[in-house]
Structure formats: structure tokens, C-alpha cells
Amino acid sequence: MLAGEPYIADDPELAADALRAAVLSERFNATSAADPEGRRAALTALLGKLGEGVEVRPPLRVDYGSQITIGAGTFINFGAVLLDVAPIVIGADVQIGPNVQLLTPTHPVEPEPRRAKWEAARPITIGDNVWLGGGVIVCPGVTIGENTVVGAGAVVTKDLPADVVAVGNPARVVREIRAGQESVRDSPAT
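Everything quoted here is computed from the prediction, not taken from an experiment. (Residues numbered from 1 in each chain as written. Predicted model: local features only at pLDDT ≥ 70, side-chain atom pairs only at ≥ 80, totals over all residues. Heavy atoms only, no water.)

Q: An account of the nonpolar core is needed here, citing residue identities and associated values.
A: Counting residues in each nonpolar core, the largest one holds 37 residues, and the members touching the most others are L102, L132 and I144. When contributions to this core are tallied by element, the ones reaching two or more residues are helix 1 (12–30), helix 2 (36–46), strand 4 (60–62), strand 5 (68–70), strand 7 (80–83), strand 8 (88–90) and strand 13 (124–126). Apart from residues no more than four positions distant in its own chain, L102 is found in contact with V81, L82, L83, I88, I90, I124, I126, L132 and V138. Y7, L14, V85 and A121 belong to the second-largest nonpolar core, a separate cluster that totals six residues. (Core = buried A, V, L, I, M, F, W, Y, C linked by side-chain atoms within 4.5 Å. Buried < 20%, exposed > 50% of the residue type's maximum accessible area, 1.4 Å probe, protein only. Helix = DSSP H or I, 4+ residues; strand = E, 2+ residues; numbered from the N terminus. Contact = heavy atoms within 4.5 Å.)

So, in C-alpha cells, the structure goes:
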């Protein structure tokens, strides 16, 4: 599974890992906003690596949690779905809007292997200082370069380079970002 090879998910070890993640996710999602230390402790126990100053607003949904790395200063808004069958690496100072989905699992297109419950996964990497607008979906195997902005509702099916704005379904680059070029009021990714 970790190598991206096809596997069948009803392995007892995977089931135990998924149960662990479900219990820790439940704890994180139920922790009071008035208890930031408890919330951070639950998130630290759930995730593989958590940088300083990270804020994740519940609810958060994961497959295993242990394959998720979040860099320092990152903000993840309500309703994130991070399906970490393969590693998910989120850089530093990333802004992730509400209801964003990072989806590493893949399934066969052919009907028989899919019916037999075969699946695989490909990692997702989000560079430093990326902004994913509300409702963005990032598909398996995608890398998004640093400083890139992805507009609300976009579906990212292929890698995006650094320093661009991408929008749409499938996401396409609509312009490059240059230092000092854009103001907050022109923002495409609310």
C-alpha cells in the first residue's frame, strides 16, 4: 500500500490502524474550542508530524492520520477530508479553505478488479505558502508548487507549478504570480 502497489483494504493491520485513526479523530473533533492544548494533543497523537503554530478546525476526517505531515504556520479550515492511504505532505504557511479534500486513494477503472476490492494510492504534496480555496479537491499523485493559489471549487487532477493561480474543473493555470502583483480584493480563492 505504502509503495503505491495495489492492495485489498480489509487487512487486519490496516483495520486496526483505521480504528486508531477513527478514535483519535473523534477525540480531536469533540475537543472544546476552549481547550486548545487538548485539541493540539489529540491532533499530535493523530497525525504523523505537526509543525508549530498549526491550526486545524474540526471536523477533520482522515483514513489513518499517521501519513499526514503538516508544516509550521498552516491553517486548515472546517470540514477537511485528508485521505492518507499514501502520504500527504502539506508545507509551511499553507492556507486551506473549508471543505477541502486531499484524496490519495485510487481504484481500478476495470470493473472486475474494482469489484474484487483492489485499490492503490498515490501521494499528495502541497508546497509552502499555497492557498487552496473552499471546496478544492486534490486528486491522487498531485504536487502543488509553493506560493500557488487554487480557486474555490477547483478540481486539481495534475501537478501545478509554483507561483501560479489555477481555477476550474479540471484546474488550469490562468496566470503567474509575481511579488506585489495581487491585492487581497482581487483574490480568486475565497
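Q: Give a detailed account of the environment of A30, specifying residues and quantitative values.
A: Among the structural elements, A30 can be located in helix 1. For A30, a relative accessible area of 63% gives the class exposed. Taking the C-alpha atoms as reference points, A30 and G97, separated by 67 residues in sequence, lie 21 Å from one another.

Q: How would you sum up the sheet that holds strand 1 (residues 7–8)? Please name residues and give values.
A: The sheet built from three strands is open, its strands ordered 1-12-11 with antiparallel pairing. Here the strands that pair on one side only, and so sit at the sheet edges, are strand 1 and strand 11 (105–106). Pairing analysis gives two bridges linking strand 1 to strand 12 (residues 118–121), with the strands arranged antiparallel. Within strand 12, the position partnered with Y7 by the bridge is E119. (Pairing = 2+ DSSP bridges.)

Q: If you had to explain the sheet that holds strand 4 to someone new, which residues and values would you point to?
A: Taken in spatial order, the five strands make up an open sheet running 4-7-10-15-18, and their pairing is parallel. Each edge of the sheet is formed by a strand with only one pairing partner; in this case those strands are strand 4 and strand 18 (155–156). Two elements, strand 7 and strand 10 (residues 101–103), share three bridges in a ladder whose sense is parallel. The partner of L82 across the bridge, within strand 10, is L102.

Q: Help me get a handle on the packing of helix 1 against helix 2, residues and values and all.
A: Interaxial distance between helix 1 and helix 2 falls to 9 Å at its minimum, and their mutual angle equals 165°. Relative to helix 2, the element helix 1 lies roughly antiparallel. Viewed along their axes, helix 1 and helix 2 form a crossing whose handedness is left-handed. When helix 1 is examined against helix 2, the residues R20, A21, L24, S25, R27 and F28 are found in contact with a partner set consisting of R39, A42, L43, A45 and L46. Along the lines of polarity and charge, the residues of the contact of helix 1 with helix 2 split into seven nonpolar, one polar and three charged. (Axes fitted to C-alpha atoms, helices over the stretch in contact; angles between N-to-C directions. Parallel < 35°, antiparallel > 145°, perpendicular 65-115°, else oblique. Left-handed = near helix turned anticlockwise from the far one by under 90°. Nonpolar A, V, L, I, M, F, W, Y, C, P; charged D, E, K, R; others polar.)

Q: Run through unusual backbone geometry, naming residues and quoting values.
A: For the bond running from P58 to P59, omega is 5°, close enough to zero to count as cis. Summarising the element assignment, P59 is placed in the loop between strand 3 (55–56) and strand 4. Cis geometry marks the peptide bond from N169 to P170; its omega dihedral reads -5°. Along the polypeptide, P170 turns up in the loop between strand 19 (164–167) and strand 20 (172–176). Located in the positive-phi region is N99, a residue other than glycine, with phi close to 60°. Even without glycine at this site, N147 takes up a positive phi of about 70°. Taking relative accessible area as the criterion, N147 reaches 25% and is therefore assigned partly exposed.

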